[in-house]
Amino acid sequence: MPPPPPFVSMDAFYLHLLRSCAALPHVAAVHAHIARAHPAASLFLRNSLLAAYCRLGGPLPAARLLDEMPRRNSVSFNLLIDTYSRAGLADHSLGTFARARVSGVKADRFTYAAALATCSRAGDVRTGKAVHALAVLEGLSKGVFVSNSLISMYARCGEMDEARRVFDVADEHDDVSWNSLLSGYVRAGAREEMLKVFALMCRCGLGWNSFALGSVIKCCSSGVDIAGHIAEAVHGCVIKAGLDTDVFLASAMIDMYAKRGALRNAVALFKLVQDPNVIVFNAMIAGFCRDEAAVGKEVMIEALNLYSELLSRGMEPTEFTFSSVLRACNLAGELEFWKQVHCQLLKHSLQGDDYIGSALIDLYSNSGCTEDGYRCFRSLYKQDIVTWTSMISGFVQNELFEKALRLFQELLCYGLKPDLFTISSVMNACASLAVARTGEQIQCFATKSGFNRFSVMGNSCIHMYARSGDVDAATLRFQEMESRDVVSWSAVISSHAQHGCAKDALRIFNEMMDAEVVPNEITFLGVLTACSHGGLVDEGLGYYEIMKMEYGLAPTIKHCTCVVDLLGRAGRLGDAEAFIRDSVFRDDPVVWRSLLASCRIHGDIERGQLVADRIMELEPTSSASYVILYNMYLDAGELSLASKTRDLMKERGVKKEPGLSWIELKSGVHSFVAGDKSHPESNAIYEKLADMLSKIEKVASTGDASRESNDISSREQNLEGCHSEKLAVAFGMIHLPQSAPIRVLKNLRVCRDCHSTMKLISGSENREIILRDAIRFHHFRGGACSCGDYW
């Protein structure tokens, strides 16, 4: 059959058809026509057909065609080796390479380059060395084409010594040789070796290109160059090579200067770029967000203004643009701006991107807009473990602990495997809710998943058990840890401090010093808290000075509040007031509120009135100060002043936070408020409470116990308004066995009446009661409290 005009041969006709193919069915149709009308097709045509299959159909149809071909050469095998390699099928690719050698086809430099590229992509250096040996036997290893492939393979597999040996023995080098070696050293972090190669390249008189300079710039971005001389020298090389207008190099240098903290240089360079593209803008926006030394609202505003300029120039922002802009919005706290950015994301259909979705969730969570963050989470096309963890952490951050636990349960139902950060966030939720049973289950899950060996997990467990009232379990978990960091030591010290075990906390601190672990601000906060709760005034003041003088740690508001509490509880109210006035936190209501609480403890009404006036001047809408002042007047019998304080609260619209107590049982978490009758077992709870209070009245009429019993009896005649912790304790008495301690959590500070009641109930019922209030833990045993009535 003659070829159709104007083609000189049938091969030329079919080659024209193959070049026109745009999809696999087209190639299959041409293949069928060749098989029927041109059985004597040349090897060149069959290889062209094989190349079309590789390009449009992938390795499977190409492999079938290779098996059917009556004749094959190195080109045939090279095509399939490369196609398998690009598809990630390294075993098939190398198997085809082996098949080519045993079939009698002489492998050429392209065959070895394709096989080495497969080893490079798979990170299989062992097979790469075998291919290298075969290339040596074939006499191809020193040619520039194969040697470049060898350098690239060894560099990608992290074998830079081998890559350098291949480079040194090669017959010749081209730009690819130098660039492969440079990029390999950059990838390996061998900065000094990279600079030596770059210097050698300069001495050899080779012209600089953008790829080589880009590799050097990348290395300078991550290396240590305190004076910045190397970075400036490389910048000079870029200018000398006439590549200062190259936008690729410009963006790389902007990124380099930003990472090095030289934001002014980055900005100056950005302004010199005549026609910046979106990559250059991305580098500058990211640079504003990256310079930790200069991060501030003004810097972030500059980043947002740059984003606005990018849009005004008609450029299309990329995923990287949006990720940087969202970070800038987060740091700047610009709520309205990031809502506009969110709209831009919707416009560009990028709201489903995993990375951007996680950034949006973090952004909304940090601003307290958890519902908006949750909607972003649900709108993601693909919810991986990173986005689940971001949403769970967002709930924990905004104190929506129950929602965090429910979302974690949903994650497990979907069959996803949580990572260490997910588990840590959920454990923090358990710690805040003080649900030890749930925390134990999550700890078991973490142990089965192999996370228990990480110090982060151990620290979370210590925190969870301590917050749940089980200081012994927290200590045991600490002792079981193989690797303890400063967080571990600080957590166990703080747990003992919060439970009133001051001497144990200081003993552990001394053990930490013996272990040569350097304490931080959190460590000393735990130590000062222990001294405060234990009444160890001189020791606490000594540790405060050690923190400042020996470790150079600047006291925070929490440290100063601890010192005020330490002095105030010991009755040194004048010293506490003088300490506040001499501190940098003299205008912070938190430290004054601590002094006000001490004034109430010691009945110093005159000083308490002055302190309360100061707090209300600084923070007129805080309910805590009014409540402390009200109780101080009430304790002193100044009913008229107490009534005026309550009227002042109404006049200023200040509302007291309602008291809430909860207890975890096998059936779940049960919550109560004052005078609560909404619980299904309300009648039984009040009957049990009345029975316990009647036993208190029969307490031996001696000393303080008689006074406390009579006082409580007179105030508890009407159970309608009894505080929430009493209801929770009564509920625990009903359902927990005699041997189990009753653990109750409360969101506010326990009042004196309830404290006295708990002491007497623990004695009359012979039960241990563990109560966590907003300040500390109280362990009631045998009619006494671990705080020694010093809280």
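Residues numbered from 1 in each chain as written. Predicted model: local features only at pLDDT ≥ 70, side-chain atom pairs only at ≥ 80, totals over all residues. Heavy atoms only, no water.

Engineer: Please give an account of the overall build of the protein chain that cites residues and values.
Structural biologist: For the protein chain, the helix and strand inventory stands at 42 helices and 6 strands. Taking 791 residues into account, the globule formula puts the C-alpha radius of gyration at 28 Å, and the protein chain, at 37 Å, lies well above it. Taking the principal axes of its C-alpha atoms as reference, the protein chain extends roughly 120 × 55 × 55 Å. By residue count, 49% of the 791 residues in the protein chain fall in the buried class. In the protein chain, of all internal contacts separated by at least 6 residues, the share reaching a separation of at least 24 is 63%. About 37500 Å² of surface is accessible on the protein chain, with carbon and sulfur atoms providing 53% of the total. For the protein chain, the centre of its 82 positive side-chain charges and the centre of its 91 negative side-chain charges are spaced 5 Å apart. (Helix = DSSP H or I, 4+ residues; strand = E, 2+ residues; numbered from the N terminus. Rg over C-alpha atoms; globule rule 2.2 N^0.38 Å. Buried < 20%, exposed > 50% of the residue type's maximum accessible area, 1.4 Å probe, protein only. Contact = heavy atoms within 4.5 Å. Areas by Shrake-Rupley, 256 points an atom, 1.4 Å probe, with all protein chains shown as cover. Lys, Arg positive; Asp, Glu negative; His and termini not counted. Charge placed at Lys NZ, Arg CZ, Asp CG, Glu CD.)

Engineer: Which residues make up the packing of helix H31 (residues 521-534) against helix H33 (residues 557-569), and what are the values?
Structural biologist: Geometry of a packed helix pair, given as the angle between the helix axes and the separation of the axes. One can describe the packing of H31 onto H33 by two numbers: an axis separation of 9 Å at closest approach and a directional angle of 10°. Overall, the two elements H31 and H33 adopt an arrangement that is roughly parallel. Seen from above, H31 lies across H33 with left-handed handedness. The residues of H33 that touch H31, namely those facing Glu521, Phe524, Leu525, Leu528, Thr529, Cys531 and Ser532, are Lys558, His559, Cys562, Asp565, Leu566 and Arg569. Counted by class, the contact of H31 with H33 contains 6 nonpolar, 3 polar and 4 charged residues. (Axes fitted to C-alpha atoms, helices over the stretch in contact; angles between N-to-C directions. Parallel < 35°, antiparallel > 145°, perpendicular 65-115°, else oblique. Left-handed = near helix turned anticlockwise from the far one by under 90°. Nonpolar A, V, L, I, M, F, W, Y, C, P; charged D, E, K, R; others polar.)

Engineer: I'd love a proper account of the pattern of salt bridges, names of residues and values included.
Structural biologist: The tally for this structure, following the rule as stated, stands at 25 salt bridges. Here Arg614 makes a salt bridge to Asp587, at a shortest N to O gap of 2.6 Å. Of the two residues, Arg614 is situated in helix H36 (residues 605-618) and Asp587 in the loop between helix H34 (573-582) and helix H35 (589-602); the sequence distance between them amounts to 27 residues. Between Arg781 and Glu768 there is a salt bridge, and its shortest N-O distance comes to 2.9 Å. Placement of the pair is Arg781 in strand E5 (residues 777-781) and Glu768 in the loop between helix H42 (752-764) and strand E4 (769-772), with a sequence separation of 13 residues. Residue classification places Arg781 among the partly exposed positions, given a relative accessible area of 48%. Linked by salt bridges that have partners in common, Glu577, Arg581, Asp604 and Arg607 make up one network. (Salt bridge = Lys/Arg side-chain N within 4 Å of Asp/Glu carboxyl O.)

Engineer: Any details on the packing of aromatic side chains? Residues and values, ideally.
Structural biologist: Scanning all chains against the criterion turns up 17 aromatic pairs. Judged by centre distance (5.9 Å) and plane angle (45°), the rings of Tyr374 and Phe395 are tilted. Taken together, the residues span a long stretch of sequence, with Tyr374 in helix H22 (residues 370-379) and Phe395 in helix H23 (residues 385-397) at a distance of 21 residues. In this structure Phe395 comes out as buried when scored by relative accessible area, which is 3%. When the centroid spacing of 5.7 Å and the interplanar angle of 70° are considered together, the rings of Tyr544 and Phe579 count as edge-to-face. On the criterion of sequence distance, the pair formed by Tyr544 in helix H32 (residues 537-549) and Phe579 in helix H34 is long-range, its members being 35 residues apart. Taken as a pair, Tyr544 and Phe579 share a single burial class, namely buried. (Phe/Tyr/Trp six-rings, centres within 6.5 Å; stacked < 30°, edge-to-face > 60°.)

Engineer: Report on helix H30 (residues 502-514), specifying residues and quantitative values.
Structural biologist: An ideal rise of 1.5 Å per residue puts 18 Å on 13 residues; H30 measures up with 19 Å between its terminal C-alpha atoms. Those residues of H30 that sit buried are Ala502, Ala505, Leu506, Ile508, Phe509 and Met512. One side of H30 holds all its buried residues, which, seen down the axis, span an arc of 160°. For H30, the exposed residues set more than 90 degrees away from the buried face come down to Lys503 and Asp514. Packed against the buried residues of H30 are helix H29 (486-498), H31 and H32. Trailing H30 by a residue or two, Glu516 shows a phi angle of about 60°, which is positive. (Expected span 1.5 Å × (residues − 1). Arc of directions from axis to C-beta.)

Engineer: Could you give me a rundown of the UniProt feature "repeat: PPR" (unreviewed entry) in the protein chain, with the residues and numbers involved?
Structural biologist: The positions that UniProt labels "repeat: PPR" (unreviewed entry) are, in the present scheme, residues 73-107, 174-208, 277-317, 384-418 and 485-519. Structurally, residues 73-107 is divided into 74% helix and 0% strand, and its ends, taken at the C-alpha atoms, are 9 Å apart. As annotated, residues 485-519 comprises 74% helix and 0% strand, and the C-alpha atoms at either end are separated by 10 Å. (UniProt positions renumbered as here; feature names shortened; annotations may be inferred.)

Engineer: Before we move on, could you go through empty space enclosed by the protein and cite the residues and values that matter?
Structural biologist: Evaluated as defined, the whole model comprises 1 cavity of 30 Å³ or more. Counting residues per element, the lining of the largest cavity draws most heavily on helix H39 (residues 682-697), at 3 residues. The residue inventory of the lining of the largest cavity, partitioned by class, reads 3 nonpolar, 2 polar and 2 charged. (1 Å grid on protein atoms, 1.4 Å probe; cavity = no way out; pocket = protein on both sides within 12 Å on 5 of 7 lines; lining within 4 Å. Points joined across faces, edges and corners; volume = space filled by probe spheres on them.)

Engineer: An account of the side chain of Arg772 is needed here, citing residue identities and associated values.
Structural biologist: By the secondary structure assignment, Arg772 is in strand E4. Buried and unpaired, Arg772 has no salt bridge, with Asp773 as the nearest side chain of opposite charge at 7.3 Å. One polar contact links the side chain of Arg772 to the main-chain carbonyl oxygen of Arg467, over a distance of 3.0 Å. In contact with Arg772, other than residues within four places in its own chain, are Ala431, Ser432, Ala434, Arg467, Trp662, Val744, Leu745, Lys746 and Phe777. (Polar contact = N/O pair within 3.5 Å; in protein donor to acceptor, adjacent residues only side chain to side chain.)

Engineer: An account of the sheet that holds strand E2 (residues 668-673) is requested, with residue identities and associated values reported.
Structural biologist: An order of E2-E1-E3-E4-E5-E6 is seen for the 6 strands of this open sheet, with the pairing classed as mixed. What marks the edges here is a single partner per strand, and that holds for E2 and strand E6 (784-785). One ladder, built from 2 bridges, connects strand E1 (residues 660-665) with strand E3 (residues 742-746); its direction is antiparallel. Bridge assignment links Trp662 to a residue of E3, and that residue is Leu745. (Pairing = 2+ DSSP bridges.)

Engineer: Please provide a residue-by-residue account of the pairing of E5, values included.
Structural biologist: In regular strands, side chains alternate between the two faces of the sheet. Within E5, 4 of the 5 residues are buried, which leaves the element mostly enclosed by the surrounding structure. Where E4 and E5 come together, 4 bridges link them in antiparallel fashion. Paired with Ile769 across the two strands is Phe780, which belongs to E5. Connecting the antiparallel pair E4 and E5 is a turn made up of 4 residues. Where E5 folds back onto E6 in an antiparallel hairpin, the turn is made up of 2 residues, including Gly782, whose phi is positive at roughly 55°.

Engineer: Tell me about the packing of helix H15 (residues 247-259) against helix H17 (residues 278-290), and name the residues and values.
Structural biologist: The geometry of H15 relative to H17 is characterised by a closest axis approach of 9 Å and an angle of 0° between their N-to-C directions. With respect to each other, H15 and H17 are oriented roughly parallel. In this structure, H15 contributes Val247, Ser251, Ile254, Asp255, Ala258 and Lys259 to the contact, and H17 contributes Ile279, Val280, Ala283, Met284, Gly287 and Arg290. Here the contact of H15 with H17 is composed, by residue class, of 7 nonpolar, 2 polar and 3 charged.

Engineer: Lay out unusual backbone geometry with the relevant residues and their values.
Structural biologist: Here Glu399, not a glycine, exhibits a phi torsion of approximately 60°, which is positive. Tracing the chain through its elements places Glu399 in the loop between H23 and helix H24 (401-413). The phi angle at Glu516 is positive, at roughly 60°, despite the residue not being glycine. Within the secondary structure layout, Glu516 lies in the loop between H30 and H31. Residue Glu516 is classed as exposed on the basis of its relative accessible area, which comes to 71%.

Engineer: Pulling in residues and values, what's your account of the pairing of E2?
Structural biologist: As paired strands, E1 and E2 are joined by 6 bridges and run antiparallel to one another. In the sheet register, Leu665 faces E2, and the bridge partner there is Gly668. Hairpin geometry of E1 and E2 is characterised by an intervening segment of 2 residues between the two adjacent antiparallel strands.

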